[in-house]
Amino acid sequence: MSLTVLNAIIAVVIAIGFAALNAAYLVWAERRGAGRIQRRPGPNVNGPLGLLQPLADGAKLMTKQLMIPGGADKALFMVAPVLAMAPAIMSFVTIPFSDVIVAKSMDVGVLMIFAFASLGSMSILFAGWSSRNKYGVMASVRAVSQAISYEVPMLITVITIVMMTGSMNLHDLAVSQAGGFWHWNIIPSLASPLMPVSFLIFFICSLAETNRAPFDLGEAESELVAGFHTEYGSMGFGLFFMGEYANIVIGASLITILFLGGWGCPFGLFPSVFWFLLKIYLLIATFIWIRWTFPRTTIYGLLNLSWKILIPISLFNLLLTAGLLKVF
Amino acid sequence: MNPTVALSQAPGLLTADGLAGVVFLIMLATTIIGGIIACNAERLVRAVAGLIVCFIGVAAMYYYLNSPFVAMMQMLIYVGAVCITIAFAIMLASPEENKKHGPAGPLSGPLGIVTAGLVTFGMGAMALKTDFIPMPKINMGTVENIGVELLTTYSMVFELVSIVLLISIIGALVIARQGRSK
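In this text, all values refer to a predicted model and were calculated from it rather than measured experimentally. (Residues numbered from 1 in each chain as written. Chains lettered and ligands numbered in written order. Predicted model: local features only at pLDDT ≥ 70, side-chain atom pairs only at ≥ 80, totals over all residues.)

1. Side note on the overall build of chain A
Now for step 1: Of regular secondary structure, chain A possesses 11 helices and zero strands.
Now for step 2: A globule of 328 residues ought to have a C-alpha radius of gyration of about 20 Å, and chain A, at 20 Å, matches this closely.
Now for step 3: The principal-axis extents of the C-alpha atoms in chain A amount to approximately 65 × 50 × 45 Å.
Now for step 4: The 328 residues of chain A split such that 45% are buried.
Now for step 5: Pairs at least 24 apart in sequence give 77% of the contacts found in chain A among residues at least 6 apart. (Helix = DSSP H or I, 4+ residues; strand = E, 2+ residues; numbered from the N terminus. Rg over C-alpha atoms; globule rule 2.2 N^0.38 Å. Buried ≥ 20, exposed ≤ 12 C-beta atoms within 10 Å, placed from the backbone. Contact = placed C-beta atoms within 7 Å.)

What follows is the structure, given as structure tokens:
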């Protein structure tokens, strides 16, 4: 009994630490990556390679005064940033980093991550509405309509995978792909020849769900000042930022577990947590690369892409997979 | 467990049962506070926030009652879909809503108090008079159990619910089409 309580406490501490550390250093990685892609130096003054920059940023954000604009709804204004960060940390509870490193292996792990991710769009809505700023309201309406429309193809793709594996437990999903990259879900098999397309859909949807460019309509600086967090300063803004990067890590982990074999080695040797970390950081590097390479889309293009292209394709794939699973 | 346990025989606060009871009370308080916020808020968006708190409390209770699947569905559907749609509709309709109070209904005032008293009395009487029988555990409440039950024992209900959903989708399409042609 006491051992399980201890386990839970250690897991929570590790989850919070991992999320915070990632959030801090992914900002650094993003700025360095942006600098490299745009042929300019990123943050390179503080410490070797600018590695102390996140600490300086954190100290600056925490020492700033928390300003609440005059007409704002104070309670919701304060709750929104917390609501952005808390579900992201909750989701880490059920993500298996390797065969043994998991805080709580749940039979409904996939559902749990999506259930808590849905709280994230609530935080955007509250942030935009409570700050009584028209840019904030416009941005939050945009961001939420985007989140709703991309949740649909994402969930349909997940259902396809769950149908093939027969489990919603993330651990089982990863174990079912053990032993070499030819077992991974991304490789087309007899039952699901369209798997690479599914992977692409899921990848695009996770870019959109985490509000990343080219789908960052919720924080389009050139149109909406800063988007839904226009009125936020100091650590309120910091929490939104950390929540965003924590969500990116969760998105990359989900892609890794659902499509890329979790902690399995591509050649079937030595499965371990290092493969998992390698895969998620490669995916995050791809996210950064895409963000600084492609321009932002328009809101119509964004919604059309989801409703007219991604949803029909993912539905077709679901029906095809269901039929082929019945045949083979 | 017999509902009329004497206080001296109740489990201690630091035993597993006692802590479970405290957790249950926290969930109960969350649900009730959320409900009160949802009913009494002056701004609609705050009411939605209260509704979310209430739903999360209910989801926690489902989890407490050993059915994580229903709990997660509660979060995903009620918080993730219903509340967001409500909030979305409010924001599209009136971003600068002013605190308006509609005309009071017939149940406001003394009649309302009488009604509330009657409902409370009835619920209390029902809770106290009923002989609660401990039921054996039917299954583990896993996804598989629920799926099997839905497609065998309750297949008729399942199909009827899907027809209701189909009708509502068609209705939504019809309404949307009419708006577009104008």
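That shown, we press on.
2. So, the overall build of chain B
Now for step 1: When helices and strands are counted, chain B shows six helices and zero strands.
Now for step 2: Element order for chain B, N to C, with α for helix and β for strand: α-α-α-α-α-α.
Now for step 3: Taking all 182 residues of chain B together, 15% fall into the buried category.

3. Comments concerning the packing of helix 1 (residues 16–40) of chain B against helix 2 (residues 44–64) of chain B
Residue and element names in this part refer to chain B.
Now for step 1: Relative orientation of the contacting elements helix 1 and helix 2 amounts to 155°, with a least axis distance of 7 Å. Relative to helix 2, the element helix 1 lies roughly antiparallel. Handedness of the crossing formed by helix 1 with helix 2: left-handed.
Now for step 2: Its residues assigned to classes, the contact of helix 1 with helix 2 shows 16 nonpolar, six polar and one charged. (Axes fitted to C-alpha atoms, helices over the stretch in contact; angles between N-to-C directions. Parallel < 35°, antiparallel > 145°, perpendicular 65-115°, else oblique. Left-handed = near helix turned anticlockwise from the far one by under 90°. Nonpolar A, V, L, I, M, F, W, Y, C, P; charged D, E, K, R; others polar.)

4. Considerations on the interface of chain A and chain B
Now for step 1: Contact with chain A, which involves 21 residues of that partner, is made by 21 residues of chain B.
Now for step 2: Sorting the residues of the side of chain A that touches chain B by element identifies helix 4 (109–130) and helix 5 (134–165) of chain A as the ones contributing at least two each.
Now for step 3: Ranked by the residues each element gives to the side of chain A that touches chain B, the list is headed by helix 4 of chain A, at 11 residues.
Now for step 4: Its residues assigned to classes, the side of chain A that touches chain B comprises 17 nonpolar, two polar and two charged.

5. Some details on the confidence of the model for chain B
Now for step 1: Mean pLDDT for chain B: 81, with 84% of residues reaching 70 or above.
Now for step 2: Under the prediction, the complex receives an ipTM of 0.78, its pTM being 0.82. (pLDDT = per-residue confidence, 0-100.)

6. Some thoughts on unusual backbone geometry
Keep in mind that most residues, glycine aside, have a negative phi and that most peptide bonds are trans.
Now for step 1: Notably, arginine 39 of chain A is not glycine yet its phi reads approximately 55°, a positive angle.
Now for step 2: Locating arginine 39 of chain A in the fold gives a position in the loop between helix 1 (2–37) and helix 2 (53–63).

7. Thoughts on the domain arrangement of chain B
Now for step 1: Under the domain assignment used here, chain B contains domain 1 (10–97) and domain 2 (138–182).
Now for step 2: Averaged C-alpha coordinates put domain 1 of chain B and domain 2 of chain B at centres separated by 23 Å. (Domains from an automatic or database assignment.)

8. Topic: helix 5 of chain A
Now for step 1: With 32 residues, helix 5 of chain A should cover 46 Å at 1.5 Å per step; its first-to-last C-alpha distance of 46 Å lies within 8% of that length.
Now for step 2: Phi turns positive one or two residues past the end of helix 5 of chain A, at glycine 166 of chain A, with a value near 80°. (Expected span 1.5 Å × (residues − 1).)

9. Quick word on helix 4 of chain A
An α-helix turns once per 3.6 residues; consequently, residues spaced three or four apart project the same way.
Residue and element names in this part refer to chain A.
Now for step 1: For helix 4, built from 22 residues, the straight-helix expectation of 32 Å at 1.5 Å per residue is met to within 8% by its first-to-last C-alpha distance of 32 Å.
Now for step 2: Burial of helix 4 is extensive: 22 of the 22 residues sit out of reach of the surface.
Now for step 3: With its phi angle positive at about 55°, arginine 132 sits one or two positions after the end of helix 4.

10. Things to note about the environment of isoleucine 56 of chain B
Now for step 1: As for its position among the elements, isoleucine 56 of chain B is in helix 2.
Now for step 2: Through-space distance from the C-alpha of isoleucine 56 of chain B to that of methionine 75 of chain B is 6.6 Å; in sequence the pair is 19 residues apart.

11. Quick word on the environment of threonine 297 of chain A
Residues and elements named next belong to chain A.
Now for step 1: Mapping threonine 297 onto the fold places it in the loop between helix 10 (273–291) and helix 11 (299–327).
Now for step 2: The class for threonine 297 is partly exposed, based on 18 C-beta atoms found within 10 Å.
Now for step 3: Expressed as a C-alpha distance, the spacing of threonine 297 and aspartate 216, which sit 81 residues apart in the sequence, is 8.4 Å.
Now for step 4: If sequence neighbours within four positions are ignored, threonine 297 has contacts with Pro214, Phe215 and Leu302.

12. Considerations on the packing of helix 7 (residues 195–209) of chain A against helix 11 of chain A
Residues and elements named next belong to chain A.
Now for step 1: Helix 11 packs onto helix 7 with a crossing angle of 140° between their chain directions and a minimal axis gap of 10 Å. Taken together, the axes of helix 7 and helix 11 are oblique relative to one another. Helix-helix and strand crossings are classified by hand; for helix 7 and helix 11 the assignment is left-handed. Between helix 7 and helix 11, the contacting residues are Val197, Ser198, Ile201 and Ile204 on the first element and Leu310, Ile313, Ser314 and Asn317 on the second.

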